[in-house]
Amino acid sequence: MRSILWWKAFHEGRSIERSKYMHPIDDPEVLKMDALTMEHIDQALHFYTSSIFVREPVMKIISAYFNKFCDPKKKWIMKKHFGFGEGTEGGTPSLGDVLGKLASDETLEVYEFDDHFTSYFNYCSPCLVNYSFIGRFETLKRDLQHLLFNVTSLHNALSYPIDQAPVSPKFTDCPYTMDHPLAFQDVNMDHVLKLIYRFRFEYDAFGYDPIDIINFVEKRIEIARSREKMLLSVKNCDKKLHTVQFLSPEPPFFVDNVSCTISAGHFVRLPVSVRVSRSAKVTPPGQYCSILVIKSLSDNISIPVQLQVRVVE
């Protein structure tokens, strides 16, 4: 299992010289399958203790997006392989862009450069290898304890580091984290359903219920599309205090703050809600524009600001 946490575990007790390898599988002194004869490989696959840890297929892709595409060091190579161009052109693709690419392009052999975006059947052969233990990422702590203490005796040799420090926000190039309410705002549910069908054998083999990920994504999309907001910065460049009034634009734009006072040289951030769905009405997909008028009550001056948003399906 190629995991940064296993890397930490196996580095305990290893020399500094050998610890330079990212993972034991990269260490030339660690025996690999391709160095064995077919007889030894057959013996290993049938009699050695083997384990595999799996994850809900679509959630694995979603998690990999935030890990790979949001890392400035990994993003550009990922963009190139996914066909989003090279270099800094176009910025970071959204979660909806990546899911759409995977769902629509069945010839995209992403497992050749990153196995997080493809099926376990492409590289772990769960139907050919008689695995001694199959664990789940969702119950990782419990399953690892069982693997180390009951299936093997590895608890005598290593201690798995359960706790992992969170990734610092300064290393992310994505506008949102997975937990942000707007993270799923452009995700198309049809793309999710296509991915579920593509990974249908994994759902059957590992006992995952696709209804769970469907409910999860639908809920996150609903949250995102009902809570979309943009922050409009309004600065007072005058040398005196101004009281301003915000005249609400046309739907689907809404302004909650009616007026405020801005000191000289200061600015405020005005939340502008984009309510693309309401209890009695759903805003159809399309491009929407409106005018927000900022009126200075002190000097009776009005400033128009154009707002624009694209609503996706």
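Let me begin by describing the structure that accompanies this report. This is a predicted model, so every value here is computed, not measured.

**Quick look at the overall build of the protein**
Logical step 1: In terms of regular secondary structure, the protein is built from nine helices and nine strands.
Logical step 2: When burial is assessed residue by residue, the protein has 36% of its 313 residues classed as buried.
Logical step 3: Taking the contacts inside the protein whose residues are at least 6 apart along the sequence as the reference set, 63% of them involve residues at least 24 apart.
Logical step 4: Of the roughly 19,100 Å² of accessible surface on the protein, 53% is carried by carbon and sulfur atoms.

**What about the nonpolar core?**
Logical step 1: Core analysis: the biggest nonpolar cluster contains 38 residues, and Ile-62, Phe-117 and Val-217 have the highest contact counts within it.
Logical step 2: When residues of this core are traced back to their parent elements, those giving at least two are strand S1 (51-54), helix H3 (57-68), helix H4 (72-82), helix H5 (95-104), helix H7 (189-198), helix H8 (200-206) and helix H9 (210-226).
Logical step 3: Per-element tally for this core: the top contributor is H3, with seven residues.
Logical step 4: Excluding residues within four positions of it along the chain, Val-217 makes contact with Ile-62, Phe-184, Val-187, Met-189 and Val-192.

**What to know about H5**
Logical step 1: Burial of H5 is extensive: seven of the ten residues sit out of reach of the surface.
Logical step 2: Residues of H5 that are buried include every one of Leu-95, Gly-96, Val-98, Leu-99, Gly-100, Leu-102 and Ala-103, and no others.
Logical step 3: For H5, the secondary structure elements touched by its buried residues are H3, H4 and H7.

**Digging into the environment of Phe-47**
Logical step 1: Looking at the element boundaries, Phe-47 is found in helix H2 (residues 38-47).
Logical step 2: By relative accessible area, Phe-47 is classed as exposed at 67%.
Logical step 3: Each C-alpha atom of the pair Phe-47 and Tyr-131 lies 9.7 Å from the other, and the pair is 84 residues apart in sequence.

**Brief notes about the packing of H5 against H7**
Logical step 1: The geometry of H5 relative to H7 is characterised by a closest axis approach of 9 Å and an angle of 45 degrees between their N-to-C directions. Taken together, H5 and H7 sit at an angle that is classed as oblique. In terms of crossing hand, the pair formed by H5 and H7 is left-handed. Residues Gly-96, Leu-99, Gly-100, Leu-102 and Ala-103 of H5 form the contact with H7, whose own contacting residues are His-191, Val-192, Lys-194, Leu-195 and Arg-198.

**Re the pairing of strand S4 (residues 242-247)**
Logical step 1: Alternating residues of S4 divide into His-242, Val-244 and Phe-246, all buried, and Thr-243, Gln-245 and Leu-247, none buried.
Logical step 2: As paired elements, S4 and strand S6 (residues 259-262) share four bridges and run antiparallel to each other. For Gln-245, the partnering residue across the bridge sits in S6 and is Ser-259.
Logical step 3: Pairing geometry for S4 and strand S8 (residues 286-296), over four bridges, is antiparallel. The residue bridging Leu-247 from the neighbouring strand is Val-293, located in S8.

The rules we used
- Residues numbered from 1 in each chain as written.
- Predicted model: local features only at pLDDT ≥ 70, side-chain atom pairs only at ≥ 80, totals over all residues.
- Heavy atoms only, no water.
- Helix = DSSP H or I, 4+ residues; strand = E, 2+ residues; numbered from the N terminus.
- Buried < 20%, exposed > 50% of the residue type's maximum accessible area, 1.4 Å probe, protein only.
- Contact = heavy atoms within 4.5 Å.
- Areas by Shrake-Rupley, 256 points an atom, 1.4 Å probe, with all protein chains shown as cover.
- Core = buried A, V, L, I, M, F, W, Y, C linked by side-chain atoms within 4.5 Å.
- Axes fitted to C-alpha atoms, helices over the stretch in contact; angles between N-to-C directions.
- Parallel < 35°, antiparallel > 145°, perpendicular 65-115°, else oblique.
- Left-handed = near helix turned anticlockwise from the far one by under 90°.
- Pairing = 2+ DSSP bridges.

Read these as spatial facts, not as claims about activity.
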